[in-house]
Structure formats: C-alpha cells, structure tokens
Amino acid sequence: MSAAGDAGLLAGITVLDLTRLLPGPLATRHLAEMGATVLKIEGPAADGQDDGTRHMFVTRADREAGRPSLAFRALNEGKQLREIDLRGEAGRAQVLELARRADLLVEGFRPGVLDKLGLGWRTLHALNPKLVLCSISGYGQRNAWSHRAGHDINYIAMAGVLEQNATVDGELAVPNFQIGDLMGGAQAAVSGMLAALLAVQRGGAARWVDISMTHEVHRHHALARISLAATGRTPAPGRDLLSGGAPCYGAYRCADGRWMAVGALEMKFWRALCEAVQRPGWSEQHWTRGLAPGSAEAMALRAEVAALFATRPMAQWAELFDRVDACVTPVLRLDELERHPVHAARA
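Residues numbered from 1 in each chain as written. Predicted model: local features only at pLDDT ≥ 70, side-chain atom pairs only at ≥ 80, totals over all residues. Heavy atoms only, no water.

**Some details on the pairing of strand β2 (residues 37-42)**
Working step 1: Of all the six residues making up β2, five are buried; the element is thus mostly covered by neighbouring parts of the structure.
Working step 2: Relative to β2, strand β1 (residues 14-17) runs parallel, the two being bridged by four bridges. In the sheet register, Val15 faces β2, and the bridge partner there is Val38.
Working step 3: Taken together, β1, helix α2 (residues 23-33) and β2 form a β-α-β motif whose crossover is right-handed.
Working step 4: One ladder, built from four bridges, connects β2 with strand β3 (residues 80-83); its direction is parallel. Across the sheet, Glu42 pairs through a bridge with Glu83, a residue of β3. (Buried < 20%, exposed > 50% of the residue type's maximum accessible area, 1.4 Å probe, protein only. Helix = DSSP H or I, 4+ residues; strand = E, 2+ residues; numbered from the N terminus. Pairing = 2+ DSSP bridges. Right-handed = clockwise from strand over helix to strand, strands pointing away.)

**Things to note about the sheet that holds β1**
Within a beta sheet, neighbouring strands are joined by backbone hydrogen bonds and run either parallel or antiparallel to one another.
Working step 1: Spatially, β3-β2-β1-β4-β5-β6 is the arrangement adopted by the six strands of the open sheet, whose pairing is parallel. Both edges of this open sheet fall to β3 and β6 (208-212), since each of them pairs with a single strand only. Direction aside, neighbouring strands of the sheet carry axes that sit 20° apart on average. (Axes fitted to C-alpha atoms, helices over the stretch in contact; angles between N-to-C directions.)

**Observations concerning the packing of α2 against helix α9 (residues 179-201)**
Helix-helix packing is characterised by the crossing angle of the two axes and by the distance between the axes.
Working step 1: Between α2 and α9, whose axes approach to 8 Å, the crossing angle comes to 45°. Judged by the inter-axis angle, α2 sits oblique to α9. In the crossing of α2 with α9, the sense of the turn from one axis to the other is right-handed. Packed against α2, whose contacting residues are Pro23, Leu26, Ala27, His30 and Leu31, the element α9 presents Asp181, Leu182, Gly185, Ala186, Gln187, Ala189, Val190, Met193 and Leu194 at the interface.
Working step 2: Across the contact of α2 with α9, the residue classes tally to 10 nonpolar, three polar and one charged. (Parallel < 35°, antiparallel > 145°, perpendicular 65-115°, else oblique. Left-handed = near helix turned anticlockwise from the far one by under 90°. Contact = heavy atoms within 4.5 Å. Nonpolar A, V, L, I, M, F, W, Y, C, P; charged D, E, K, R; others polar.)

**A closer look at the nonpolar core**
Working step 1: Leu18, Leu104, Cys134 and Met193 are the most contacted members of the largest nonpolar core, which totals 51 residues.
Working step 2: Top element by residues in this core is α9. It accounts for nine residues.
Working step 3: Other than its neighbours up to four places away in sequence, Cys134 contacts Leu104, Leu105, Val106, Glu107, Ala189, Met193, Val209 and Ile211.
Working step 4: The next biggest cluster of nonpolar side chains, apart from the first, holds 26 residues, and it includes Cys248, Tyr252, Phe309 and Val328. (Core = buried A, V, L, I, M, F, W, Y, C linked by side-chain atoms within 4.5 Å.)

**A word on the side chain of Asn128**
Working step 1: With respect to the helices, strands and loops of the structure, Asn128 is situated in the loop between α7 (121-127) and β5 (132-137).
Working step 2: In this structure the side chain of Asn128 is engaged in a polar contact, spanning 3.0 Å, whose partner is the backbone oxygen of Ala102. (Polar contact = N/O pair within 3.5 Å; in protein donor to acceptor, adjacent residues only side chain to side chain.)

**Regarding the environment of Gly112**
Working step 1: By the secondary structure assignment, Gly112 is in the loop between β4 (104-107) and α6 (113-116).
Working step 2: When its relative accessible area of 32% is taken as the criterion, Gly112 is described as partly exposed.
Working step 3: When the C-alpha positions of Gly112 and Gln141 are compared, they lie 8.0 Å apart, and in sequence the two are 29 residues distant.

**So, the environment of Ala318**
Working step 1: The topology assignment puts Ala318 in helix α14 (residues 314-321).
Working step 2: Sequence separation between Ala318 and Gly257 is 61 residues, and the spatial gap between their C-alpha atoms is 14 Å.
Working step 3: Excluding residues that lie within four positions of it along the chain, Ala318 makes contacts with Met260 and Pro330.

**Some words on the packing of aromatic side chains**
Working step 1: The tally for this structure, following the rule as stated, stands at eight aromatic pairs.
Working step 2: With a centroid separation of 5.2 Å and an interplanar angle of 80°, the aromatic rings of Tyr139 and Trp145 are classed as edge-to-face.
Working step 3: Judged by relative accessible area, which is 5%, Tyr139 ranks as buried.
Working step 4: Here the aromatic rings of Phe309 and Trp317 are separated by 4.8 Å at their centres, their planes lie at 50°, and the arrangement is tilted.
Working step 5: With relative accessibility at 0%, the residue Phe309 sits in the buried group. (Phe/Tyr/Trp six-rings, centres within 6.5 Å; stacked < 30°, edge-to-face > 60°.)

**Here we look at the sheet that holds strand β8 (residues 259-263)**
Working step 1: The sheet built from three strands is open, its strands ordered β7-β8-β9 with antiparallel pairing. Strand pairing shows two members of the sheet lacking a second neighbour, β7 (249-253) and β9 (328-330), which therefore form its edges. The mean angle between the axes of side-by-side strands here comes to 20°, regardless of whether they run parallel or antiparallel.
Working step 2: Pairing of β7 with β8, which is carried by five bridges, proceeds in the antiparallel orientation. When the sheet's bridge partners are listed, Gly250 is paired in β8 with Val262.
Working step 3: Its contacts with the sheet place helix α13 (residues 296-309) against β7 and β8, and it is angled at close to 40° to β7.
Working step 4: Strands β8 and β9 of the sheet are contacted by α14, whose axis makes an angle of about 35° with β8.

This is the structure:
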C-alpha cells in the first residue's frame, strides 16, 4: 500500500523514538505514516545527544532559516519532537513516565547503553508490561560482536552480500542503497514491531524485539544461500543466474552510455525479447532449456546481446520495449523518476 493508504491503521498507538541516523528514524516514520503517534526524543545538542542527521548535508538555505537538514526533516516528518537529557535523573524520570503510557519504545544505541541509562528491558517491562521494546543494532544484543561499531558496508560485508555484489572479474560494487540499514534495519524493525504489537493486542506478553542488521540481511540473502546449499559452492561473482551469468537477466549498456535492465527469466519473456530484436536464433538459448548460467556458451551469448544493445541509445530501446511484454526496462536516474508514468501514477 502507499503511505496515504496506510494512514490511520495504527491510530491510538504511541511510540517513543530514541533512535538516531537512518534505520530507526525511517522505521518510526513508517509507523507515523500508518497513524501512530511518534514522540522523537533527543538530548541537548550542546553535549552531542541530538540526532546526527540534523547536521548532514545542511545547505546555506537551511542555516539561514535556522532549520535542520533536509535529511533530518525527511526522516522525522510527522513526529513530535521532544528534548530530554537522557543522561540526567530528571530526563530518565520523564522517559519512564512517557513509557508508562506508551505502546512501543524504539532505540538504536549499542547493546548495554539502555541499561546504563536506567531504561533497560527489565525496568521498562516492570513499569509497563504491555510495552514493546525494539532495539536496532549492527550485530544483535547477545553476540560476540555486539559491542562493535559498524556501518552499512560492514553489515552487508559480514552477511555475505557485499562479496556477491561483484562484477565478473570480482571487482566489488558498493551499492548506493543502504541494504543493511534499510532492509536489515528499518524494514525488519517495522515487521518485528508490528508483530509484537499484534501479539500484545491479542492478549500476549510484550516482547523485546532484537534487530541485528547483519543477521537480518543474512536471513534475507535467500537465493545465494539456497544456491550454496544445493551446489556446495558459493556462487561465482557475475556468473550466477541473477548476477550476470545468464543472458536473459542483466544490465546492458546502450550506445549513449545509458543502460537497459533485462529480466526475461521466464521463457515466454525471453522469446518476446528475441522476437522484438529480430533474433529468433536466440530464442531456445535459455537457462530453462539447459543453457547453464556462467558457462562459456552463456557468456558468449551474453556478449552478443551486449553488442546488440550497444547499437542504439537507451531511449530507442525503451520506446521499443514499452510495447513488448518482456520484462525489459530502462535504468532510470533518480532525477528522472518523477517524470516517468510508473511513479507519476503513485503521486
């Protein structure tokens, strides 16, 4: 559903948001979009207790207007902002009083910090047995690496994802999409929090939802893990079915340096592609017909497909495949999205 379609689903739910930076704030923004009342709590900026995204990519216009960065505003839209010094006794008492009436508390400190602040699970649960606590961390609350610092690149590296995000020659490509923070952190947290809230509403006990970004990414790294289990080997970079080893699935550079994304995994789509580009001889060369991904034959055909796409600019290919049901699309830039019909329809 869209954010507008979700509005009101969590009406009456109160969330205390103690998180900073990206995963937690985005997760609680999703809850706010679904109708929850979210109180974002930050400590005084003077001693570094505020959210670091306030100062991320601050523009001259932001400084002149006396406002936090666009990053902070976007991640915390729809929330109520509270300044509470978590390191002081008065601040602790304030948070506990809020927690007494809240449904959910979300935090992203290193494991053990919440206990040091006097706001640990045992304290909160004794105060409000129906309060769900969600902790988002890099490696989980009870792990040999629990107290280690990290960022997205570390989490996807330790989950086996970064090694798989590589070219045929093994060159790693660091994604400009925070897989650990967003999927392993924000989205996994939303899923866990909603399940825990539902359990409480059904009369069950409140839960401590322990979100380890590394372990969540690993848990969702499904197909590569299945391939390892089935074959006994780690998929070779750029040679697996979905990573570049099949001509029917991959990104191809066009004459103008732009790219087309080909996702013709099913035979019917591959045949539609072959017909559209007038290459009937390719139609039976498909992984479902025994063309092994990563084989010499598959890579040779992939080179032929690449040579063909290199003969026209992206716009011409996009126009052609706009009329063909073959799972072939242009690779859009961020600044092109709003003008494209697929995104305009969701506005």
